[in-house]
Amino acid sequence: MKSNWSAASFNSKWTLSFILLPWLFISMAVTESRYLPEFERPLPNQTVTLGAEAVLSCHVAHLGGYKVGWIKSDSKAIQAIHTHVITHNTRVTVRHFGHTVWQLIIADVQREDEGLFMCQINTDPMKSQVAYLRVVVPPEIEPTDSNSNDVMTSEGSSIKLGCKAKGDPTPVVRWHREDGEDITMRTVNGERLRFATYEGETLSLIRISRLDMGTYVCTASNGIPPVASRRITVNINFNPVINVPNQLIWSTQGNNFTMECNVEAFPRSVNYWIRGDGELIISGSKFGVSEVRDSIFASRMALTVHSFEKSDIGKYRCIAKNSLGEVEGRIHVYESNSWPAARATTKRSIDYADDLEETNNGLDHNQQHHHRQQHQQRRQQQDNEVDERMTDSEDDEEEHHQQQQQGDGLSAAPAGRDTMHYQLTTTERSSWRSRNGSPAGIAASLHFLPLFLPTSFVCFLSLILSLPQFIPFCRYI
């Protein structure tokens, strides 16, 4: 009985073992698969600017006793295993937050750091994920051979401004003028093209003129800050040129008036005033000398005469001089009561500047034609201004002219004008000079006028042909 029980007990134990063993293996397998390490999120790609810091983060769940390693895939170089750095690159470090976040840190990223990086878990089979590290480079303008940002040339020549840039992505280079003016580019056919901004590494300026003078800025950008830029200053040398708005001035005694000369020159000219045959004019109680610069090459000279008197009548010269040449403009000052009223309707001007400019600058035929067109436009504008001024005073001038003819034969300036500025053509100016501006010349020519009257001419002819019949014939005249 006892032995039967023991055998039954033995059989039951083995039966239980065979029943529990498969369940144990199944339970262990399920537990092991449930708690194997796995990645919680993908490893994102990184884009880092050259010189910045790159951080690659690998998120792992249920790491347990497994370890995380970092490998640079393209070179198969092991960067780190768990908390130990394997590579000899001193810019590489690792850190982790608990057992879930494992980071590979690369300081001062260089171009050679670009590539694929793998985060790996040493399971069997191995688990891994890959991210691409891209290194971008902000734009940089390469230095020039001369290392100078100033360009010096002469008017009428052609130059090329270069601005070569590098970076990743490839930068786009654009040009603009610092003063806000358009960039003028001329073709070989003489056509002019204007751009607010011009795109390209090379800016070609053909047959450059003084209006192209200034600072040109090239900028290089590729979407990676900061934007690179360079300033290039273009200086254009040319002979001085003077334009005199009013070359003849009339004033009354005690009045103040101002003479002006517009100067263009580069290098900057030395400007001064001379009176008569060589007396240098200096600012004081009698004269006021001033100058205003309108641009890098243009300026306005002004000479103010205080309390006009007869001793101030005469010739004044504004002179501009630089290393390339010298030029002068002339202004004549008269007292208002010495001017014939007929000249009050003058509409043209003498412009010495154009002839001097073409001669001194040595401009070619096309440039001279261009300057002449500009001069004609200026003269047309001056004509319109004179027309407007003369329309208002035409009636007053006519009345004043009649009063003077009835008096001493002289004509003063139009009524209501203490100081008058007029401009003459070369022909008109020479004609007036031939008479010395004096009414005596006009009066002298009038003495011979009776000889050309019809009745006098008939009498004179009759006297020659028939002297005896001259007196009876003149009785009927």
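Residues numbered from 1 in each chain as written. Predicted model: local features only at pLDDT ≥ 70, side-chain atom pairs only at ≥ 80, totals over all residues. Heavy atoms only, no water.

By the naming in an unreviewed UniProt entry, the protein chain goes by Ig-like domain-containing protein and is assigned to Daphnia galeata. The Subcellular location (unreviewed entry) comment attached to the protein chain in UniProt states, word for word, "Cell membrane". (UniProt positions renumbered as here; feature names shortened; annotations may be inferred.)

**Topic: a nonpolar patch on the surface**
Together, Ile78, Ile81 and Ile86 make up an exposed nonpolar region whose accessible area comes to about 230 Å². Looking at the secondary structure, you find Ile81 in strand β5 (residues 77–81). Under the relative-accessibility criterion, Ile81 is labelled partly exposed at 38%. (Patch = residues over 30% accessible without salt bridge, like charges linked within 9 Å, V, L, I, M, F, W, Y side chains within 5 Å. Areas by Shrake-Rupley, 256 points an atom, 1.4 Å probe, with all protein chains shown as cover. Salt bridge = Lys/Arg side-chain N within 4 Å of Asp/Glu carboxyl O. Helix = DSSP H or I, 4+ residues; strand = E, 2+ residues; numbered from the N terminus. Buried < 20%, exposed > 50% of the residue type's maximum accessible area, 1.4 Å probe, protein only.)

**Regarding the nonpolar core**
One finds Leu161, Trp175, Leu203 and Tyr216 to be the most contacted residues of the largest nonpolar core, which totals 24 residues. When contributions to this core are tallied by element, the ones reaching two or more residues are β12 (159–162), β14 (172–177), β15 (183–186), β18 (202–205), β19 (214–221) and β20 (228–243). Per-element accounting of this core gives the leading share, 5 residues, to β20. The residues touching Leu203, leaving out its near neighbours within four places in the chain, are Ile159, Lys160, Leu161, Trp175, Ile183, Met185, Tyr198 and Tyr216. Leu43, Cys58, Val60 and Val135 belong to the second largest nonpolar core, which has 22 residues in total. (Core = buried A, V, L, I, M, F, W, Y, C linked by side-chain atoms within 4.5 Å. Contact = heavy atoms within 4.5 Å.)

**Things to note about the pattern of salt bridges**
Applying the stated criterion across every chain, the model contains 18 salt bridges. Residues Arg177 and Asp179 are paired through a salt bridge, measuring 2.9 Å at the closest nitrogen-oxygen approach. For the salt bridge of Glu328 with Arg330, the shortest nitrogen-to-oxygen distance reads 2.9 Å. Owing to a relative accessible area of 22%, Glu328 belongs among the partly exposed residues under this scheme. Residues joined by salt bridges that share partners form a network here, namely Arg275, Lys286, Glu309 and Asp312.

**Observations concerning unusual backbone geometry**
Working note: non-glycine residues mostly have negative phi, and peptide bonds are mostly trans. Asp124 connects to Pro125 through a cis peptide bond whose omega is 5°. Mapped onto the elements of the fold, Pro125 is located in the loop between β9 (115–121) and β10 (127–141). The phi torsion at Lys76 lies on the positive side, around 60°, for a residue other than glycine. One non-glycine residue, His82, lies in the positive phi region at around 55°. Looking at where His82 falls in the secondary structure, it is placed in the loop between β5 and β6 (84–85).

**Some thoughts on the pairing of strand β28 (residues 325–335)**
In terms of strand pairing, strand β21 (residues 248–251) meets β28 through 4 bridges, oriented parallel. Paired with Ile249 across the strands is Val333, a residue of β28. Strand direction decides the pairing type here: strand β27 (residues 314–322) and β28, joined by 9 bridges, are antiparallel. Considered in β28, the bridge of Ala320 is made with Val327. Count of turn residues in the β27/β28 antiparallel hairpin: 2 residues. (Pairing = 2+ DSSP bridges.)

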